[in-house]
Amino acid sequence: PPVGVIPAGTDCASAKYITHLNPMLAAQAIINNAQWRPLDVMLNQWRPSANEGVQQRFSVCATAWGIPGQVAKDSESLRDTWGVRRYAVSIAKNLLSLRPVRGSVRIQV
C-alpha cells in the first residue's frame, strides 16, 4: 500500500529515503500523488525472554540491537535535557555498562 511520510523527527531517516525533508513539500507530494518509490519493509521478530511470547515490529529504515538499539531507546528519554547531544550521552552511558546481547539474523527472500 502507498505510504506517505511527513518528516517531523530529529534525523528524519525514513523521510530522507522516501520524500522531501521539508514538511510542506512532503505534504504537497502526498496530496499530488507526486512521488512513488519502491520501499523494502522488514519484519522484526524477537522474544524478550524465554518465558515471553514473540513480539514483532515492521521497519523501513533500520533495525539494531545491543548498543545501537539501546542508544535509540534511551535517547528519547534524554531528549528534553540534552537535545541533539542526547545520542552522544546515551552512547557514553551504554559503553560504560557493556553487557552481551544474544541475537540472530535470518534472511528470507
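Predicted, not measured: the structure shown is a model, and the values here were computed from it. (Residues numbered from 1 in each chain as written. Predicted model: local features only at pLDDT ≥ 70, side-chain atom pairs only at ≥ 80, totals over all residues. Heavy atoms only, no water.)

Participant: Whenever I open this one, the overall build of the chain confuses me. Can you help?
Facilitator: On a plain count of helices and strands, the chain comes out with 5 helices and 2 strands. Reading the helices (α) and strands (β) of the chain from amino to carboxyl end gives α-α-β-β-α-α-α. Against the 2.2 N^0.38 benchmark of 13 Å for 109 residues, the chain shows a C-alpha radius of gyration of 17 Å, more extended than a compact globule. Oriented by its inertia axes, the alpha-carbon framework of the chain measures out at about 50 × 40 × 20 Å. Buried residues in the chain amount to 16% of all 109 residues. Of all intrachain contacts in the chain linking residues separated by at least 6 positions in sequence, the fraction that spans at least 24 positions is 24%. Separation between the mean location of the 12 positive side-chain charges and that of the 6 negative ones in the chain comes to 4 Å. (Helix = DSSP H or I, 4+ residues; strand = E, 2+ residues; numbered from the N terminus. Rg over C-alpha atoms; globule rule 2.2 N^0.38 Å. Buried < 20%, exposed > 50% of the residue type's maximum accessible area, 1.4 Å probe, protein only. Contact = heavy atoms within 4.5 Å. Lys, Arg positive; Asp, Glu negative; His and termini not counted. Charge placed at Lys NZ, Arg CZ, Asp CG, Glu CD.)

Participant: Is there a simple way to explain helix α3 (residues 67-77) in this structure?
Facilitator: In an α-helix, one full turn covers 3.6 residues, which means residues spaced three or four apart are oriented alike. Within the sequence span of α3, burial applies to Val-71, Asp-74 and Ser-75. Viewed along the axis of α3, the buried residues span an arc of 105 degrees, placing them on a single side of the element. Opposite the buried face of α3, by more than 90 degrees, sit the exposed residues Lys-73 and Ser-77. Buried residues in α3 make contact with α4 (79-82) and α5 (86-96). (Arc of directions from axis to C-beta.)

Participant: Any chance you could explain α5 here in plain terms?
Facilitator: Of all the positions in α5, only Arg-86, Ser-90 and Asn-94 are classed as buried. For α5, the angular spread of buried residues about the axis comes to 60 degrees, placing them on one side. With respect to the buried face of α5, the exposed residues turned more than 90 degrees away are Ala-88 and Leu-96. Those residues of α5 that are buried are in contact with α3 and α4.

Participant: Before we go on, may I ask you to explain the environment of Glu-52 in this structure?
Facilitator: Positionally, Glu-52 belongs in the loop between β1 (42-46) and β2 (55-59). Separated by 11 residues in the primary sequence, Glu-52 and Val-41 have C-alpha atoms spaced 25 Å apart. Separated by 2.9 Å, the side chains of Glu-52 and Ser-49 make a polar contact. (Polar contact = N/O pair within 3.5 Å; in protein donor to acceptor, adjacent residues only side chain to side chain.)

Participant: Hey, could you run me through a nonpolar patch on the surface in this one?
Facilitator: On the surface, Val-3, Leu-39, Val-41, Leu-43, Phe-58 and Val-60 cluster together into a nonpolar patch covering about 540 Å² of accessible area. Secondary-structure assignment places Val-41 in the loop between α2 (23-31) and β1. What makes Val-41 exposed here is its relative accessible area of 53%. (Patch = residues over 30% accessible without salt bridge, like charges linked within 9 Å, V, L, I, M, F, W, Y side chains within 5 Å. Areas by Shrake-Rupley, 256 points an atom, 1.4 Å probe, with all protein chains shown as cover. Salt bridge = Lys/Arg side-chain N within 4 Å of Asp/Glu carboxyl O.)

Participant: Would you explain the confidence of the model for the chain in this entry?
Facilitator: Any region with low pLDDT has predicted coordinates that should not be read closely. Mean pLDDT over the chain stands at 80; residues scoring 70 or higher make up 92%. Mean pLDDT across the secondary structure elements of the chain bottoms out at helix α1 (residues 13-18), with 71, and peaks at α4, with 90. (pLDDT = per-residue confidence, 0-100.)

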